[in-house]
Amino acid sequence: MIQKLSNLVAIIILAVLLEQFLPWWSLMLASFAVSFLRDLKGSASFWMPFLAGALLWLVHSFILANANDYVLTNKMAVLFPLQGNAALLLLVSSCIGGLAAGFSGVFGKECRLLLDKKY
Amino acid sequence: MEIRLILINFKFCEITLLANLHTNQNLQHLHRFMNRFTFLRSLFLAALFFYLLNNPIGKLPPLGKILSPSEGFWQNEKDEVTTGALGLEGLKEPVRIHYDAQLVPHVFAQNDLDLYFAQGYITAKHRLWQMEFQTHAAAGRLSEIFGKKALEHDRMQRRKGMVFGAENTLKDMAADAETIALLDAYTQGINSYINSLDPEDYPVEYKLLNYAPEAWTPLKTSLLLMYMTDMLCGGDADLEYTNALRLFGKKRFDAWYPDFFDTLDPVVPKETSWNHISSSMPTVPNQQTPLDEIAETFEKPHPNNGSNNWAISAEKSYSGNPILANDPHLGLNLPSIWFVMQLATPKHSSYGATLPGALGVISGFNKHIAWGETNATRDVKDWYKIQFQDASKTTYRYEGNWKAARIRVEEIKIKGQASFLDSVRYTHHGPVSYDASFKGRHDKEGYAMKWVGHLGGNGQRTFLELNRGKNYENYLAALQHWVAPAQNFVFASADGDIALWVQGDFANKWKGQGKFLMDGSLAANDWKAYIPKSDNAFSKNPKRGFVSSANQYPTDQSYPYYVFNDGYESYRNRIINTFLSSKNKLDLEDFKSLQNNNFNLKASELLPTMLAEINRDALNTKELRMLELLASWNYDNGMNALAPSLWTEWWNQLYKLTWDEFEQKDVALKKPFTYQTIYLLKNKPNDTYADIVATTTVETAKDLFLISFQSAMSVFDTWDAKSSYKWSNYKGTAARHLLQGLPAFSRFDIPIGGEENSPNAVTHDHGPSWRMIVEMSSPPKALGIYPGGQSGNPGSVYYDNFIDTWAAGDYFEALFMQSTTDTKHIRSTQTLSPKS
């Protein structure tokens, strides 16, 4: 459990660092790197990065949107189209972040396995 | 969905492979294989997901990019930074930018180069996407953003010679050392801002469309000026008139499209003497109009593009200070076409509406003078029929010889595809816009355009000089640089002068020249000379105590030069002049009330006839009730009134029915103007135009009134309750985002009255795009408002915060700062300093 959580925290910290100078896929990179260095067993190798990505994107976008009274978020929720439901847009966005991190996390783990020839 | 299918596929492969391997009983192999397999699967999924999120899918922008909080639209969820200190390369001395409660930047620089550098920088900060998009639209470069669906638009722009005109303008600007130096500084300022951006800082439209801003160039400023030129004087109806002449004959054409209407209240008062004009007028040559059948022409600028302006003398003013007003009527778009600024150096200081992309204040004031523009609406675009020697279209017939055409190859880049190359022929008239490859029919024929928009000129200098102008002489000198689009420049000065010049380059035409398509092979049809600018119509300190213009005729028939009606407005001008004449003294409240005046003069001139003539016996009770509603109407298009909706629907249907002979396929036509239509319906009710072509009976105006009324009133059956068709609902005014009216970034159902021919000329998509009132006190007091907001960012509250104030007919008080230390009403300050 502790390793799972520490993986999650590590992904978030690394992603926040990388996104200062890398595009949106800094999250995928962070998730890949952490999962490569500290691989998790079973489905956790997907879900922990997923949670990390989803949490990071949710909290970060919530902070930005909330600070500006959702002026743009409300409009983007019309554009996408999500009936102008800003909460739904936050959720969708968070899931996208989660999936991106999840898939690259699994890939990171698999790379590690391939190198270790564990099986 | 796709992803799930792929996953299932993988599962299936896995099972079959497992089965095969099991038969081999080789578990070691199996493990190694599985290891590789799950590795490959994870690689595939990660790569696939990356691809899907990093690229646009269908109409969706790249989802990873746009939804990422560190790079996506969330980064636009904020106001622009208006505080702090920045070091910028290119500045000579520090510039202070004070922002007031309206987010109007007050730029205080130490010299002109820094001033226009800062104007560029600050404008880009608030309006970058719009600045670039408008110049892309002008240049015919939208295919680079939208792909092939914009190709037709881009070809049209190229074939109009938009880039050709912009290049000519730039040549003339470059020939003037001061203009080009300031333009270079402005360009540098914009680029300084662009270069400071990381992708997450790009305006949200770039993120949605997945492209990046490019460097600004002086040519882009030229293109922006061409964008305005095209908007304001890019329209004409020569080819449509040619079709009408061919179809209906000269007699009917002249009755439907007279050179002058019977009522006239021109820009320059009727009693003006033209004795000072001594130029000889060209004689009408012996020539034949080529009566071609023309199927299709360019899309025209919005027919309501126009404006109001007026100024009253010191004697007519409540305070003894001249007062000036201006409200340009343009498409209601977001971000708004205007951006309000104060631009100050120790030598001069001006305030008013700027155009993102051009230098200086366009409609505004300084402490000495105020100025504003309305469109002068004149036929400044003519068409020549070109006969090429052969299908290669390299030479064309001119005065019995073959003259070489220049070929300009327009490369239109298309997103995701190979470029489209369009070879446009240029004759001595101008570009052959229509030929076999574009809307034309014949291999060896084409139509060449002659347009003042191609002449170039240094109109930018006009504004630079007005911004620092001190008196009438400076104003007059500034106007000498103006070529196109022809404008009615209104003027008022603190020392008591008011004036209005109808300014621009106008060809001195023979009577009838350029009303129809002309034979391009005859020198007699060429534009020979321009009207000397000193002979342009103007009015200075007239006896009546005011000057005004609202896109009507510049003069009456006594003006010696050839002028004919090519779309002059016939109602607003009369309402304005009547109002201004009705009182001895006028104050700011009068000005506000006039700018927001919703009187429907047009309806008042026809509705009584319609009500008197309509056959009431044919109407049912409900229709009679609606007729009564109309009969009791005071002709005010207030937003809550019902009658304006009934009238408008009735009038629109009547107009369509009256000109049913124009509903023809594959023939470009322009229906007669409203004023003349009403004149005919009232004065020639039994004339042939009134007959409905599709029926065997012969209809008169009286019949048209009834048929159109019944059909119009039935439209309201589908409106639920009576209150639902109140005028503002029926009209449905909206300010639409420049990006094809993107609903999420647009404002709909704006509660406002007015109609196209009332001074408050608000229609569903068009209206007063900037309202300004300036009293030339010391210092001047000014009011302003526009239907938008200072920020171009849909994520800012300043994106559309003026709209409600504008709709309510209110204004903000312009904060005209007298010095950089006068910061009482300032919210924040940003300092731009030279980079050390």
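Since the model is a prediction, treat every value here as computed from it, not as a measurement.

K.L.:
Mind showing me how you'd approach the pattern of salt bridges here?
P.N.:
Pairing between side chains of opposite charge can happen when the charged atoms of each approach one another. All names here are of chain B. The full count for this structure, using the stated rule, is 39 salt bridges over all chains. Measuring nitrogen to oxygen at the nearest pair gives 3.0 Å for the salt bridge that ties Asp-422 to Arg-159. You can see Asp-422 sitting in strand β15 (residues 420-426) and its partner Arg-159 sitting in helix α6 (residues 151-159), a full 263 residues away along the chain. Arg-159 shares its class with Asp-422; the two are buried. Arg-159 is paired through a salt bridge with Asp-435; the nearest N and O atoms lie 3.5 Å apart. Taken together, the residues span a long stretch of sequence, with Arg-159 in helix α6 and Asp-435 in the loop between β16 (432-434) and β17 (445-451) at a distance of 276 residues. Looking at Asp-435, the relative accessible area reads 1%, which means it is buried.

K.L.:
Whenever I open this one, the nonpolar core confuses me. Can you help?
P.N.:
Across soluble globular proteins, you tend to see nonpolar side chains buried next to one another. Formed by 279 residues in total, the largest nonpolar core has its most connected members in Met-76 of chain A together with Leu-630 and Trp-650 of chain B. When residues of this core are assigned to their parent elements, the largest contribution, 14 residues, is made by helix α4 (residues 112-139) of chain B.

K.L.:
Explain the packing of helix α17 (residues 621-631) of chain B against helix α20 (residues 701-715) of chain B to me, please; I cannot follow it from the model alone.
P.N.:
Packed helices, taken two at a time, are described by their axes: the angle between them and the distance between them. Residues and elements named next belong to chain B. Across the interface, α17 lies against α20 with an axial gap of 11 Å and an inter-helix angle of 100 degrees. What the angle tells us is that α17 and α20 run roughly perpendicular. For the pair α17 and α20, contact is made by Glu-623, Met-626, Leu-627 and Leu-630 and by Phe-709, Gln-710 and Met-713, respectively. When grouped by side-chain class, the residues that make up the contact of α17 with α20 number 5 nonpolar, 1 polar and 1 charged.

K.L.:
Is there a simple way to think about the packing of aromatic side chains in this case?
P.N.:
Any two aromatic rings considered together are summarised by their centre-to-centre distance and by the angle between their planes. Residue and element names in this part refer to chain B. Under the definition given, this model contains 59 aromatic pairs over all chains. Summarising the aromatic geometry, the rings of Phe-248 and Phe-662 are spaced 5.0 Å apart at their centres and angled 40 degrees between planes, so their arrangement reads as tilted. Of this pair, Phe-248 sits in helix α11 (residues 238-256) while Phe-662 sits in the loop between α18 (643-658) and α19 (674-683), placing them 414 residues apart in sequence. A relative accessible area of 11% means that Phe-248 is categorised as buried.

K.L.:
Please clarify how α17 of chain B should be interpreted in this entry.
P.N.:
Given 3.6 residues per turn, any residue in an α-helix points the same way as the ones three and four places further on. All names here are of chain B. Buried within α17 are the following residues: Glu-623, Met-626, Leu-627 and Leu-630. Mapping the buried residues of α17 onto a view down its axis gives an arc of 105 degrees, with all of them on the same face. Within α17, the exposed residues directed more than 90 degrees away from the buried face are Thr-621 and Arg-625. On the buried face of α17, the contacting elements are α16 (601-613), α18 and α20.

K.L.:
Which parts of the structure should I look at to understand the interface of chain A and chain B?
P.N.:
How big an interface is tends to be expressed through the accessible area that disappears when the partners come together. Contacts between the two partners involve 36 residues from chain A, matched on the other side by 40 residues from chain B. Buried area between chain A and chain B, summed over both chains or domains, comes out near 3,400 Å², and the portion from carbon and sulfur atoms is 77%. Considering only the surface of chain A that becomes buried against chain B, Trp-24, Leu-72 and Phe-103 of chain A emerge as the three largest contributors, covering 21% of it. At the boundary of chain A with chain B, the tally comes to 0 salt bridges. Here chain A is connected to chain B by 10 residue pairs in polar contact (both at pLDDT 80 or more). The set of elements that each furnish at least two residues to the side of chain A that touches chain B consists of α3 (44-67), α4 (71-79) and α5 (86-116) of chain A. With 15 residues, the single largest contributor to the side of chain A that touches chain B is α5 of chain A. Here the residues of the side of chain A that touches chain B are counted per class, giving 27 nonpolar, 6 polar and 3 charged.

K.L.:
Would you mind showing me how to read the sheet that holds strand β20 (residues 518-519) of chain B here?
P.N.:
Strand pairing in a sheet relies on backbone hydrogen bonds, with the paired strands running either antiparallel or parallel. Residues and elements named next belong to chain B. The strand order β16-β17-β11-β20 describes an open sheet built from 4 strands, whose pairing is mixed. A single partner strand is all that each edge strand has here, and the edge strands are β16 and β20. In this structure, β16 lies alongside β17, joined through 2 bridges in antiparallel fashion. When the bridges of β17 are listed, Val-432 appears paired with Ala-448.

Calculation criteria
Residues numbered from 1 in each chain as written. Chains lettered and ligands numbered in written order. Predicted model: local features only at pLDDT ≥ 70, side-chain atom pairs only at ≥ 80, totals over all residues. Heavy atoms only, no water. Salt bridge = Lys/Arg side-chain N within 4 Å of Asp/Glu carboxyl O. Helix = DSSP H or I, 4+ residues; strand = E, 2+ residues; numbered from the N terminus. Buried < 20%, exposed > 50% of the residue type's maximum accessible area, 1.4 Å probe, protein only. Core = buried A, V, L, I, M, F, W, Y, C linked by side-chain atoms within 4.5 Å. Axes fitted to C-alpha atoms, helices over the stretch in contact; angles between N-to-C directions. Parallel < 35°, antiparallel > 145°, perpendicular 65-115°, else oblique. Contact = heavy atoms within 4.5 Å. Nonpolar A, V, L, I, M, F, W, Y, C, P; charged D, E, K, R; others polar. Phe/Tyr/Trp six-rings, centres within 6.5 Å; stacked < 30°, edge-to-face > 60°. Arc of directions from axis to C-beta. Buried area = accessible area lost by both parts, 1.4 Å probe. Polar contact = N/O pair within 3.5 Å; in protein donor to acceptor, adjacent residues only side chain to side chain. Pairing = 2+ DSSP bridges.

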